[in-house]
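Each chain is listed here by its residues.
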Amino acid sequence: MLAVLKENPESGVSIKKVPLPTPKKDEVLVKVVYASICGTDVGIYDWIPWAQGHIKPPIVIGHEVVGEVVKVNTKKRTKIKPGDLVSSETHIFCRNCFQCRKRNYHVCENMELFGIGRNGAFAEYATIPLHTTWRNDPSIPTIAMSVQEPLGNAVNVVTKAQVKGKRVLVMGLGPTGLAAGAAARAMGAKEVVGLNRREYRRKLAKKMGFDRVLDVLDPDEFGKFDAVLEMSGNRMGIEVAFEAVRIAGTIIAFGIPKESITLDWGKYMINKELTIKSVFGREIWKTWKQTTKLLVDKKVDLRKMITHKFPLKDFEKAMHVMKSGECGKIVLVP
Ligand SMILES: [Zn+2]
Ligand SMILES: [Zn+2]
């Protein structure tokens, strides 16, 4: 089958034929219908230090997926059966560690990552551990099923920010930022404002239901937001987030900076008496259930942020568009 492979410990990928995977015990074999490209995949492509620390080539990359179940290799009782459209939770938890025993599966201490630490979904077929396989509600558009992971992150961020009736600022309008704005709208925010330097992304944000989108935040608006969702991971963005948030407001940290960040601790952390929470992925399976509800009730339409579709064999072209930033979510079709 055709697959996108991180074949060597260097930048770039190989698009080549590999043997069909066979599902091990308690694994599900799926025929990939759609897989979407994540910012993480760009880092893997470029072989950034994080990728070097997490990937032992050769690995089939890609983790955001919807596939049709071909085979379920288990003796355990499960609702998952051939023909189902399923997705994968990227965080493959161990079920044994301190966090897993507390049901904090998403921050498992021995986490393995789909499409990073084990073969993923940029291929014609993939295997997913049964315990991280999510059976999709068939009323959700199939293409949207492949983009649930970023929406899930956004839903977790917005839930932790408790946005109902609040003025919300979304820093950074990449796919998760866009989804965060849409989720905040759906979850009852009073006003949702998005901030991004790129016009393309601001236009997308308008389509996703943001009330206002700006390229810079006027200092008049500093201290006026009840909740700031920091989705950019950008040093400037983080500085603006701390200025924009109201005294006793909430900041949710999600975007991962490429550099270490310094902060005026006294000015912001103490004098403003903020609530700061960080979010690492989706709560399993609570966030997936919330996400499903938003999609089934048509409160969020993920198709609005899917801007490109490429055949799997054209992965290099897709990566080129991805790096240009002139895109929303890019979906691959095997
Ligand atoms: Zn992802
Ligand atoms: Zn664990």
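By convention here, each chain's residues receive numbers from 1 onward along its written sequence. Lettering for chains starts from A, numbering for ligands starts from 1, and both go in the order in which the items are written. Predicted model: local features are reported for residues with pLDDT of at least 70 only, side-chain atom pairs are reported and counted for 80 or more only, and whole-chain, interface and lining totals are derived from all residues.

### As for the overall build of the chain
- Counting its secondary structure elements, the chain contains eleven helices and 18 strands.
- Each radius of gyration is computed over the set of C-alpha atoms, and the globule rule expresses the reference value as 2.2 Å times the number of residues to the power 0.38. Relative to the 2.2 N^0.38 estimate, which gives 20 Å for 334 residues, the radius of gyration of the chain is 20 Å and therefore close to what a compact globule would have.
- By principal-axis analysis of the C-alpha atoms, the chain measures approximately 60 × 40 × 35 Å.
- Around each residue's C-beta, the other C-beta atoms within 10 Å are counted; 20 or more make the residue buried, 12 or fewer make it exposed, and counts in between make it partly exposed. All C-beta atoms are placed from the backbone. Split into buried and exposed, the 334 residues of the chain put 47% on the buried side.
- C-beta atoms are first placed from the backbone for all residues, and any pair lying within 7 Å is then listed as a contact. Sequence separation of at least 24 residues holds for 67% of the intrachain contacts in the chain that already meet a minimum separation of 6. Secondary structure counts use DSSP, requiring at least four H or I residues in a row for a helix and at least two E residues in a row for a strand, with both numbered from the N terminus.

### A word on helix H8 (residues 235-244)
- Along H8, the residues classified as buried are Gly237, Ile238, Val240, Ala241, Phe242 and Ala244.
- Each element contacted by the buried residues of H8 is listed here: strand E11 (167-171), strand E14 (225-230), strand E15 (245-253) and helix H9 (265-270).

### Brief notes about the domain arrangement of the chain
- The source of the domain bounds is an automatic or database domain assignment. When the domains of the chain are assigned, the result is domain 1 (2-136 + 301-333) and domain 2 (153-278).
- The distance between the C-alpha centroids of domain 1 and domain 2 comes to 28 Å.

### Some details on the nonpolar core
- Throughout this description, the term nonpolar core refers to a group of buried Ala, Val, Leu, Ile, Met, Phe, Trp, Tyr and Cys residues whose C-beta atoms join them within 7 Å. In this structure, Phe122, Val168, Ala183 and Leu229 are the most contacted members of the largest nonpolar core, which totals 100 residues.
- If you count residues domain by domain, this core takes at least three from each of domain 1 (2-136 + 301-333) and domain 2 (153-278).
- Those residues in contact with Val168 that sit more than four places away from it in its chain are Ala161, Val163, Ala184, Ala189, Glu191, Val192, Phe225, Asp226, Ala227 and Leu229.

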